[in-house]
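Topology and contacts: notes
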Amino acid sequence: MSAETEPQASDDPEAQQLGPEQLEDCLDLDQTSLAGLWTRAQWQQELSQSDRLCMGLVVDQRLIAMACGWVVMDELQISAVAVAPDQRRHGHGRRVLMVLLEEARQRGALSATLEVSAARVQSGCGFTTEGIRRGYYRNGDDALIQWARLQDTEAVRIAAHS
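Residues numbered from 1 in each chain as written. Predicted model: local features only at pLDDT ≥ 70, side-chain atom pairs only at ≥ 80, totals over all residues. Heavy atoms only, no water.

**Let's talk about the overall build of the protein chain**
Operational definition: Strands are runs of DSSP state E lasting at least two residues, helices are runs of H or I lasting at least four, and both sets are numbered from the N terminus onward. Any two residues having at least one pair of non-hydrogen atoms within 4.5 Å are treated as being in contact. Working definition of accessibility: Shrake-Rupley area with a 1.4 Å probe, residue cover restricted to the visible protein chains.
What the protein chain contains, in helices and strands, is four helices and seven strands. The linear arrangement of helices and strands in the protein chain, starting from the amino end, is β-α-α-β-β-β-α-β-β-β-α. Excluding contacts between residues fewer than 6 apart, the proportion of contacts in the protein chain whose partners are at least 24 apart in sequence is 60%. Accessible surface, the protein chain as shown: approximately 9300 Å² in total, 46% of it carbon and sulfur.

**A look at the pairing of strand E5 (residues 111-117)**
Every regular strand shows the same layout, with side chains that alternate between the two sheet faces. How we decide: Buried, partly exposed and exposed residues are distinguished by accessible area as a fraction of the type maximum, computed with a 1.4 Å probe on protein chains only: under 20%, between the cut-offs, and over 50%, respectively. The crossover handedness rule: strands pointing away from the viewer, path from first strand over the helix to second strand clockwise, crossover right-handed. Following DSSP output, two strands are said to pair if at least two bridges run between them.
Of all seven residues that make up E5, six are buried, and the element is covered over most of its length. A crossover links strand E4 (residues 75-83) with its parallel partner E5, the connecting element being helix H3 (residues 92-106), and its sense is right-handed. In this sheet, strand E7 (residues 143-149) lies alongside E5 in antiparallel orientation, the contact comprising seven bridges. Bridge pairing in E7 places Val116 opposite Leu144.

**Observations concerning the environment of Ala148**
Tracing the sequence through the fold places Ala148 in strand E7. Spatially, the C-alpha atoms of Ala148 and Leu110 are 8.7 Å apart, while their sequence positions differ by 38 residues. Among all residues touching Ala148, those that are not within four sequence positions of it are Ser111, Ala112, Cys125, Gly126 and Phe127.

**Digging into the state of the cysteines**
Using the following cut-off: By definition, disulfides here are pairs of cysteine sulfur atoms that lie within 2.5 Å.
All chains considered together, the criterion is met by one disulfide. Sulfur-sulfur distance for the disulfide between Cys54 and Cys68 comes to 2.2 Å. Here Cys68 lies in strand E3 (residues 62-72) and Cys54 lies in strand E2 (residues 52-59), a separation of 14 residues in the sequence. Residues Cys54 and Cys68 agree in their burial class; the two are buried. With no disulfide of its own, Cys26 lies closest to Cys54 among cysteine sulfurs, the gap being 4.9 Å. Overall, the relative accessible area of 0% leaves Cys26 in the buried class.

This is the structure:
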């Protein structure tokens, strides 16, 4: 692969809260990274409701990573994390997740939970596996229920801004 066609890591993506104006970008990233996990109507709802959090990393007006969820009582329930295929393995998933965790912590969340495919599980960001949902995904993969405490707010804050 020549240097011109080889995917390049983004040097300094900007973290930002996503809203309805990024609907098409979220749909595109969902399609390329999550095989169309949500419909247009679901994304419209996710991006327009004030109780939802959707954070993104943007480079040159391109959405390269996103993490979404909502705070229920004192717990962040993470609903989606995606990184553009040509931007993977550069820490963008971890960074956008940490930005989401910090925003949720500022809104009063003390813990966070997510369900992740057992085939794609990654440790990090303080999450531990607390349970399993057998055959949860359309393809038959099990879902691991992961959970993290957001008590170490300084570590979350530093990771979100690094």
